[in-house]
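Remarks on the overall topology
Here are the chains, one letter per residue:
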Amino acid sequence: MNCVNSSRKIYVLDTTLRDGEQVPGAKLNLEEKMEVAKQLIRLQVDMMEVGFPSSSQGDFEAVRAISQIVGKDITVTALGRAVKSDIDAIYESLKKAESPMIHIVLGSSGVHMQKKFNKSPQEVLSMGVEAVKYAKRLMPNVQYSLEDASRSSFDYMWQTIDAVVKAGATVINIPDTVGFAVPEEFGSLIYRINERLKNLNPNVLLSVHCHNDTGLATANTLAAIRNGADKVECTINGIGERAGNTSLEEVVMGIRLHPDYYKGYTTIKTKEIYKTSRIVSAIMGIDVQVNKAITGDNAFAHSSGIHQDGLLKSKEVYEIIEPQDIGAPPMEIVLTARSGRHAFMHTIEKLGCKIGEEHKEKVYADFLKMADQKKEIYDYDIEMLLRSYPETVVQRERKIDLWELVDFEVIYNTKIPTATVKIKKADSIRETSQSGNGAIDALYSAILKAAGMPVALLEYRIHNISRGKEGLGKVSIQILHKGVLYEGKAIEKDIIRASGIALINAMNKVMQDCAMQNNK
Ligand code: KIV
Ligand code: ZN
């Protein structure tokens, strides 16, 4: 079933700052919300839902502040119930925006009407119509959401849509509030609604809003697009109530990969996706699942020998999206004990080195021993391995001066944690001490001061990759250098040492990038 004939723009509404922010522990202050909003502007979303102004003074102020920075090209909206006080709060908070929209939500399923409101369907319908009429007197753009639509009767839903459109609603939103829908059925529902809605008023946008309770939010949203939805509601990293909302990055890249199938396109600036994902994760303190589609740490990492070999022959063999399309760091060949000689030698070349034919097997065997112990091997580990051989074994073909962590000492106390580091690049050895808010802060301040490298730390994460006293810790960090995002990782038994090496690894990626630019 597909009623869409030609390529059309699919509008993207981001609700990270409303539905996303409902996640326990993800509450943001005004400054943090502004930072996310500014990044959403760079991502070029079409619409942004930024809060529930009647819920608290803080939310009200945040909606008001954000609505004044988004400009005229992005519609800004806020949510409220179908009651005058909520609609007034939305109006008051949005009235200075250049392109505002009031968003009203009211349940349409039997269970919502009986259990939540204890009202008859006709009473609920009149409440909705009155709310839209009231909102329409305040602002021209009004979105009406039929909460729990996927568990509502079709006839009642249509009766409601017909009435609220006649009352002035400009967007009809069909939420799968509890993540109950399945793609084929949800697609058919959207098809039926769209057919009637376009006859009733072709200017009214049909929108969907899906939750991910059974992992189908993206599939349901894409099925809706295929069946005529004009607008989708999503969040960054799929965060939101319970199992979350539809993830913006998955829907946008899904459409981009199959424009003919969905007969549509979005105007999202995809190169901003990765940075947006990391900013939201860092500010909300919610990690992105490592194997998350599109933005997970492993989304562009290849570890099996067969895959690495294929990719090094041609990226198309295993890559359908290029990391740079979403602004992510280049595809990563993660060296593990399963990596073959091809991937290993590729890393050695990347580091500007060459190994004589007769020594290759021995060096590869040493690498495998190391990989068995450390699970994942990063550039820094390879660099250290190569330095343990004489020049007769490893020749430096291109000179890329990389940083090395020669030594460090961290004095931790509750008053002034201090770190002293010794780092080295080529013949230059630098030693510096710095204090910080904690052990890692002091260590990072000392390393960055010694290197004289201006970087901003965007993300710092510790993962436990094997348990017990002898366990290994993995530190992953992301830094911004001159607006470009670089990652660094390290696995060590000592987590403080891993932290230092992860930063050095990220700094060395900056050095490699600079060396590449200079060679161009
Ligand atoms: O999940 C839901 O139904 C909502 C509505 C407010 C759209 O978040
Ligand atoms: Zn929702």
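Residues numbered from 1 in each chain as written. Chains lettered and ligands numbered in written order. Predicted model: local features only at pLDDT ≥ 70, side-chain atom pairs only at ≥ 80, totals over all residues. Heavy atoms only, no water.

So, the site of ligand 1
Here is the rule we go by: It suffices for a single heavy atom of a residue to lie within 4 Å of a molecule or strand for the residue to be listed as near it. Any pair of N or O atoms that falls within 3.5 Å is considered a polar contact. Within protein, one atom must be able to donate a hydrogen and the other to accept it, and sequence-neighbouring residues count only if both atoms are side-chain atoms. Values of accessible area rely on a 1.4 Å probe in the Shrake-Rupley scheme; residue burial ignores everything except the protein chains shown. We place a 1 Å grid over just the protein atoms. Points where a 1.4 Å probe fits but has no way out form a cavity, open points with protein on both sides within 12 Å along at least 5 of 7 lines form a pocket, and any residue with an atom within 4 Å of a point lines it. Molecule-in-pocket calls rest on the fraction of atoms, with more than half required to lie within 2 Å of the cavity or pocket grid points.
Taken together, Arg18, Asp19, Leu79, Val105, Ser145, Glu147, Asn173, Pro175, Thr177, His209 and His211 make up the full set of residues near ligand 1. Between Arg18 and ligand 1, the recorded distance is 2.9 Å, taken from a side-chain N or O atom to an oxygen atom. Between ligand 1 and His211 there is a distance of 3.0 Å, counted from an oxygen atom to a side-chain nitrogen or oxygen. Relative to its free-state accessible area of 260 Å², ligand 1 is covered by the protein chains to the extent of 94%. Placement of ligand 1 is best described as lying within the second largest pocket.

Re the sheet that holds strand 8 (residues 205–210)
Here is the rule we go by: Each pair of strands is called paired provided DSSP finds at least two bridges between the two strands. We count a stretch as a helix when DSSP gives it H or I for four or more residues in a row; a strand needs E for two or more, and each element gets its number in order from the N terminus. Here, axes are lines fitted to C-alpha atoms. For helices the fit covers the stretch in contact, and angles between N-to-C directions go from 0 to 180 degrees.
Pairing is parallel around the closed barrel formed by eight strands, whose spatial order is 2-3-4-5-6-7-8-9. Shown here is a sheet whose adjacent strand axes are inclined to one another by a mean of 25 degrees, direction ignored. Sheet topology places strand 6 (residues 142–147) next to strand 7 (residues 171–176); three bridges connect them, and they run parallel. Paired with Ser145 across the strands is Asn173, a residue of strand 7.

Notes on the side chain of Ser67
Heads up, the condition is: Burial classification: accessible surface area is computed with a 1.4 Å probe over protein chains only, and a residue below 20% of its type maximum counts as buried, one above 50% as exposed, and the rest as partly exposed. Two residues form a contact once any of their heavy atoms are found within 4.5 Å.
As for its placement among the helices and strands, Ser67 is situated in helix 2 (residues 57–67). A residue is classified by how much of its surface remains accessible, and Ser67, at 1% relative accessible area, is buried. Reaching out from Ser67, the side chain makes a polar contact with the backbone oxygen of Arg64 at a distance of 2.9 Å. Within the structure, the side chain of Ser67 is placed 3.4 Å from the backbone oxygen of Ser93, a separation counted as a polar contact. Discounting residues that sit within four places of it in the chain, Ser67 has contacts with Val76, Ser93, Leu94 and Ala97.

A word on the domain arrangement of the protein chain
In plain terms, the rule: Delimitation of the domains relies on an automatic or database domain assignment. Using a 1.4 Å probe, buried area is obtained as the accessible area two parts lose upon being combined, added over both of them. The rule for a salt bridge is simple: a side-chain nitrogen of Lys or Arg has to be within 4 Å of a carboxyl oxygen of Asp or Glu.
Looking at the assigned domains, one finds that the protein chain contains domain 1 (11–284), domain 2 (301–396) and domain 3 (403–519). Its C-alpha centre places domain 1 at a distance of 45 Å from the equivalent point of domain 2. With eight residues of domain 1 at the interface, the matching set in domain 2 holds eight residues. Surface buried jointly by domain 1 and domain 2 totals about 670 Å² across both partners, of which 65% is contributed by carbon and sulfur atoms. On the surface where domain 1 and domain 2 come into contact, there are one salt bridge. Between Asp325 and Arg256 there is a salt bridge; the shortest N-O distance is 3.7 Å.

Considering the coordination of the zinc ion (ligand 2)
Here is the rule we go by: Coordinating donors are taken as N, O and S atoms within 2.8 Å of the metal, stretched to 3.2 Å for Na, K and Ca; because water is absent from the atoms, sites can appear incomplete.
Within the protein, the zinc ion (ligand 2) binds to Asp19 (OD), His209 (NE2) and His211 (NE2); these donor distances fall in the range 2.0 to 2.1 Å. All donors to the zinc ion (ligand 2) come from one chain, and their sequence spacing reads D-x189-H-x1-H. One end of the pair, Asp19, is in the loop between strand 2 (11–14) and helix 1 (30–43); the other, His211, is in the loop between strand 8 and helix 8 (217–226), and 192 residues separate them in sequence. Both residues of the pair, Asp19 and His211, count as buried.

A closer look at the pattern of salt bridges
Counted by the stated rule, this structure contains 38 salt bridges. Arg18 is the partner of Asp19 in a salt bridge, and the nearest nitrogen-oxygen pair spans 3.6 Å. Classification of Asp19 by relative accessible area gives buried; the value is 2%. A salt bridge links Arg497 to Glu492; its shortest N-O distance comes to 3.4 Å. Exposure remark for Glu492: the relative accessible area of 14% places this residue in the buried category. Look at the salt bridges and you will find they share partners, linking Glu21, Lys27, Lys33 and Asp59 into a network.

So, the pairing of strand 20 (residues 484–492)
A regular strand places its side chains so that they alternate between the two faces of the sheet. Counting buried positions along strand 20 yields eight of nine residues, so the element is predominantly enclosed. In this sheet, strand 20 lies alongside strand 19 (residues 473–481) in antiparallel orientation, the contact comprising nine bridges. The partner of His481 across the bridge, within strand 20, is Val484. Taking the residues that link successive antiparallel strands as the turn, the strand 19-strand 20 hairpin has two residues, and the phi of Lys482 there is positive, at about 50 degrees.

Quick word on the layout of surface pockets
To keep things clear, this is the line we draw: Grid points are joined across faces, edges and corners, and a volume is the space filled by probe spheres set on the points. Each residue is assigned to one of three groups, with Ala, Val, Leu, Ile, Met, Phe, Trp, Tyr, Cys and Pro labelled nonpolar, Asp, Glu, Lys and Arg labelled charged, and all others, Gly among them, labelled polar.
Size it by volume and the largest pocket reaches roughly 1,300 Å³. Along its surface, the largest pocket is lined by 43 residues, and Pro329, Pro330, Met331, Lys509 and Asp513 are the ones closest to its centre. Those elements that provide at least two residues to the lining of the largest pocket are helix 11 (273–284), helix 12 (305–313), strand 12 (332–333), helix 13 (341–350), helix 15 (379–387), strand 20 and helix 17 (495–519). For the lining of the largest pocket, the element with the most residues is helix 17, which contributes eight residues. Classifying every residue of the lining of the largest pocket gives 20 nonpolar, nine polar and 14 charged. Roughly 450 Å³ of volume is contained in the second largest pocket. Along its surface, the second largest pocket is lined by 26 residues, and Arg18, Leu79, Val105, Lys116 and Glu147 are the ones closest to its centre. Going through the elements one at a time, strand 4 (75–81), strand 5 (100–107), helix 4 (110–117), strand 6 and strand 7 are the ones with two or more residues in the lining of the second largest pocket. Tallying contributions element by element places strand 5 first for the lining of the second largest pocket, with four residues.

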